[in-house]
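Fold and geometry: a report
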Amino acid sequence: MKNAVSPARACRRRRAATSTAAVFLSWLSIPGVALAGSARGIAPCSAPGAGWCLARRIAGSIPQGELGFRFGEPLDVDGDGHADIAAGARFKLQQKTLQNGSAAVWSGAGGALIRGWDGEWPDGLFGHWVMPVPDISGDGLADLIIAAPHASVDGSMRGIVVARSPRTGEELWRRAETESGNLGWDMALAGDHDGDGHPDLFVGAPAGDSGRVYLLSGKDGSVLRTYSPPEAAGSFGWYVARLDDLDGDGRPDLAVGAPFAADADGAKVGAAWVLSSASGRELYHWKGTDRRGGFGGVVAAAGDLDGDGKGEVVVAAPGTEDQTRTLPGELRIYSGATGKELRHWSGSQPGELYGRMVVSAGDLDGDGVEDLAIGAPWHRRATADKVGRVELRSGRSGKVLDEFFGDEADCWFGWHIRRAPDPDGRGRPALLIGSLRHPVDGNVGVGVLDLYVLRGAKKRGDQGTTTRGSRRSDIK
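Residues numbered from 1 in each chain as written. Predicted model: local features only at pLDDT ≥ 70, side-chain atom pairs only at ≥ 80, totals over all residues. Heavy atoms only, no water.

Turning our attention to the overall build of the chain. On a plain count of helices and strands, the chain comes out with zero helices and 31 strands. For the chain, with 476 residues in total, the buried portion stands at 60%. Partitioning the contacts of the chain with sequence separation of at least 6, the portion at a separation of at least 24 is 56%. (Helix = DSSP H or I, 4+ residues; strand = E, 2+ residues; numbered from the N terminus. Buried < 20%, exposed > 50% of the residue type's maximum accessible area, 1.4 Å probe, protein only. Contact = heavy atoms within 4.5 Å.)

Glancing now at the environment of Ser394. Inspection of the secondary structure puts Ser394 in the loop between strand S27 (389-393) and strand S28 (400-405). C-alpha separation for the pair Ser394 and Glu370, spaced 24 residues apart in sequence, amounts to 7.4 Å. Dropping the residues within four chain positions of it, Ser394 is found in contact with Trp345, Asp365, Asp367, Asp371, Lys399 and Leu401.

The subject of this paragraph is the packing of aromatic side chains. If you walk through the whole model with that rule in mind, you get 14 aromatic pairs. Both rings, one in Trp238 and one in Phe260, keep their centres 5.4 Å apart while their planes meet at 85°; by these two values the pair is edge-to-face. Here the residue Trp238 occupies a position in the loop between strand S16 (223-227) and strand S17 (239-242), and Phe260 occupies one in the loop between strand S18 (254-258) and strand S19 (271-275), the gap between them amounting to 22 residues. A relative accessible area of 2% means that Trp238 is categorised as buried. Exposure remark for Phe260: the relative accessible area of 14% places this residue in the buried category. For the pair Trp378 and Trp412, a centre-to-centre distance of 5.5 Å together with 70° between the ring planes defines the contact as edge-to-face. Here the residue Trp378 occupies a position in the loop between strand S26 (371-376) and S27, and Trp412 occupies one in the loop between S28 and strand S29 (413-419), the gap between them amounting to 34 residues. Here the two residues Trp378 and Trp412 agree in accessibility, since each one is buried. (Phe/Tyr/Trp six-rings, centres within 6.5 Å; stacked < 30°, edge-to-face > 60°.)

Further remarks concern unusual backbone geometry. Of note, the phi angle at Lys96 is positive, near 70°, even though the residue is not glycine. As for its position among the elements, Lys96 is in the loop between strand S4 (85-89) and strand S5 (102-106). Of note in the backbone geometry, Asp123 takes a positive phi value of approximately 55° without being a glycine. For Asp123, a relative accessible area of 12% translates into the label buried.

Spatial ordering of the open sheet is given by S13-S14-S15-S16, a layout of four strands whose pairing is antiparallel. With one partner strand each, in any of the chains shown, strand S13 (187-191) and S16 form the two edges of the open sheet. On average, each strand axis in the sheet is tilted by 25° relative to the strand beside it, whichever way the strands run. Where strand S15 (residues 212-216) and S16 come together, four bridges link them in antiparallel fashion. Residue pairing for S16: Val213 is matched across the bridge by Tyr227. (Pairing = 2+ DSSP bridges. Axes fitted to C-alpha atoms, helices over the stretch in contact; angles between N-to-C directions.)

Okay, the side chain of Arg393 next. With respect to the element layout, Arg393 can be found in strand S27. Within the local environment of Arg393, its side chain forms a polar contact with the backbone oxygen of Gly398, the two atoms lying 2.8 Å apart. Contacts of Arg393, omitting those with residues within four sequence positions, involve Trp345, Ser346, Tyr354, Asp371, Leu372, Ile374, Gly398, Lys399, Val400 and Leu401. (Polar contact = N/O pair within 3.5 Å; in protein donor to acceptor, adjacent residues only side chain to side chain.)

Our next topic: the pairing of strand S23 (residues 330-334). Of all five residues that make up S23, four are buried, and the element is covered over most of its length. Both strand S22 (residues 312-317) and S23 contribute to a ladder of five bridges, which runs antiparallel. Bridged to Ala316 within S23 is Leu331. Direction of pairing for S23 relative to strand S24 (residues 341-346): antiparallel, over a ladder of five bridges. The residue of S24 that forms the bridge with Leu331 is Trp345. Hairpin remark: S23 followed by S24, antiparallel, with six residues in the connecting loop; positive phi at Gly339, about 85°.

A word on the nonpolar core. In this structure, Trp286, Leu331 and Phe404 are the most contacted members of the largest nonpolar core, which totals 51 residues. A per-element tally of this core places S22 first, with five residues. Beyond its immediate sequence surroundings of up to four residues, Phe404 is in contact with Ile42, Trp52, Gly388, Arg389, Val390, Leu392, Phe413, Ile433 and Tyr452. (Core = buried A, V, L, I, M, F, W, Y, C linked by side-chain atoms within 4.5 Å.)

Moving on, we come to the sheet that holds S5. Taken together, three strands build an open sheet; the order of strands is S4-S5-S6 and the sheet is antiparallel. The two strands at the open ends of the sheet, each matched to only one other strand, are S4 and strand S6 (113-118). Going across the sheet, the axis of each strand differs from the next one's by a mean of 15°, ignoring polarity. Summarising the sheet, S5 and S6 pair through five bridges and their orientation is antiparallel. If you follow Ser102 over to S6, its bridge partner there is Asp118.

The next subject is the pattern of salt bridges. With the rule as written, the count across this model stands at 24 salt bridges. A salt bridge links Arg70 to Asp186; the shortest N-O distance between them is 3.3 Å. Pair noted here: Arg70 is in strand S3 (residues 70-71) and Asp186 is in the loop between strand S12 (171-176) and S13, with a separation of 116 residues, a long-range link. Given the relative accessible area of 0%, Arg70 is considered buried. For Asp186, a relative accessible area of 0% gives the class buried. Two residues, Arg164 and Glu120, come together in a salt bridge whose shortest N-O distance is 3.5 Å. (Salt bridge = Lys/Arg side-chain N within 4 Å of Asp/Glu carboxyl O.)

Along the polypeptide, Ser360 turns up in strand S25 (residues 357-362). Using a relative accessible area of 10% as the deciding quantity, one classes Ser360 as buried. Not counting chain neighbours up to four residues away, the residues in contact with Ser360 comprise Ala301, Gly303, Glu370, Asp371, Leu372 and Arg419.

Glancing now at the confidence of the model for the chain. Considering every residue of the chain, the mean pLDDT works out to 88; 87% of them sit at 70 or more. Here residues 1-39 scores under 50 on pLDDT; set against residues more than four positions off or in separate chains, the count is 121 contacts. Considering only residues more than four positions removed or in separate chains, one finds that residues 459-476, a stretch of pLDDT under 50, has 51 contacts. (pLDDT = per-residue confidence, 0-100.)

Take a look at the structure:
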C-alpha cells in the first residue's frame, strides 16, 4: 500500500524543515478586489454583479501541512444557523519530526476558531479526512468524523477513525482497524442503515492485496457490515461513494474504487464496483485499460442524467500512475439502471490529473439535471505548472459551463471539492474548492480552501436536486 495518493510522491511522509506553533488556520474575508495573481480573476462576492464570485478563503498556517486533503460538506456545529467548515492538515509536525497531523472547525458566520485538535498518533496523518456529520452526541449540533489512516495499531499501520464533538471537544467514539490497513483513507455518509436515527458511514481500508470497506454505525462506530471485493483487488476501498438505491431494496448503495486492481494478465489497470449495501452483492463491475490511468482512483454519484429515475455512477482515471504526464486524465459516467456507459470525458491537457476529484454540483444551469464539478489539480498555465483548474460540466449536454483556475504555480487547485450551503442563506449553489499546496505568507505547501457562490441563480431549496422524468432519448 502506498503511503499517500499516487501522484504526490514528493509530498509523502515529508519532513518539513520548519516547524510552526500550534496556530491552526485563519479565515480570511476576500477584499473588494480579485486575488492578486489569480489566473481567473473571479470577483469577490462583495462586488456587484452576477455569476460566480469568491465569498471566503480559509488559509492554512502550517508549512508543508497541505490543508484539506479531504473534507466534507459544511454543517452547523455551533447552533447559530450557519454551516461551519472543517478541515485538516495531515502533515502537521509534532516534536519536529512526527507527522501527527491536525484538524479544526471554524465558524461559518464570523470565522472564529470553534475547536481544534492535534493528532495523538505518531506519523498517523490525523486530519487526512475531516467530515462534518449530523448530530451524534445528542446535543442537536453536527459533529465531526476524523481519520488518521496511518495510525499504528498493534505495531502495524492499521488506521483509526474517531468521532469528536466540536461543542465539548470530547471524543464520542473510536474505531481502530484490526484486519486490513489505512482505515479512513476514504469515507462517505451512507444514510441510516440500522434505523437508529443516526447516519452511518462507508469507510475504506484499502491496504493489502484486497482491502475492505466497512459500514460503520454513526452512533458508536461499531461495524454493521463488511464489504470485500468479489475477486482479489489491490487497494479496494481507496475511494467510496454513496449512490442511489439502485437495486430497489430501500437502501442507498455503494461504489468502491480500487486503482491498483489487476486484470487477468496481472496489469494493475484499476477497477470499480457497485455493490448492494444491504447484501454486498455485486451490481456492476468495470475495469480500466491502462496501468498508468489509476482507473477507480475516484468514484462518485451523479444525478439522473438520462431521466430513467436512477442516479448515475462516475469513475475517473486521472492518470495518477503516468510518470511522464502524457495522459490528460478521463472520466466515464455509467448508467445506474443498466451499467452501460453514458458519457466519456477527457481533460484538456496532458498530465493535468483531470478527474482527480469529481462531485455533483447541483443544477447550475437550471435545466433540471444535476451538473458536475471536475478537478484537474496539475493543470499548467503558460509556464506555471500545477496551478490547477476546476471544470463545471452540464449533466444534460456535457457542455463546459464554466472553468476556474488556481492562483499560481504549485497550488494544486481542485484537489478536493465539495458542495456547500450558500453562506448568505439564499439557496444559491456554492462550492468549496481546495488548493492543497497553495503557498501562504511565503511558505510552500500550506494549502487554502475557497468558497465560490453562483450569484443570479434561482433559489433552489434542495440545491439543484435532479427532477426525475421520462427517459431521455439523446443519451445512449
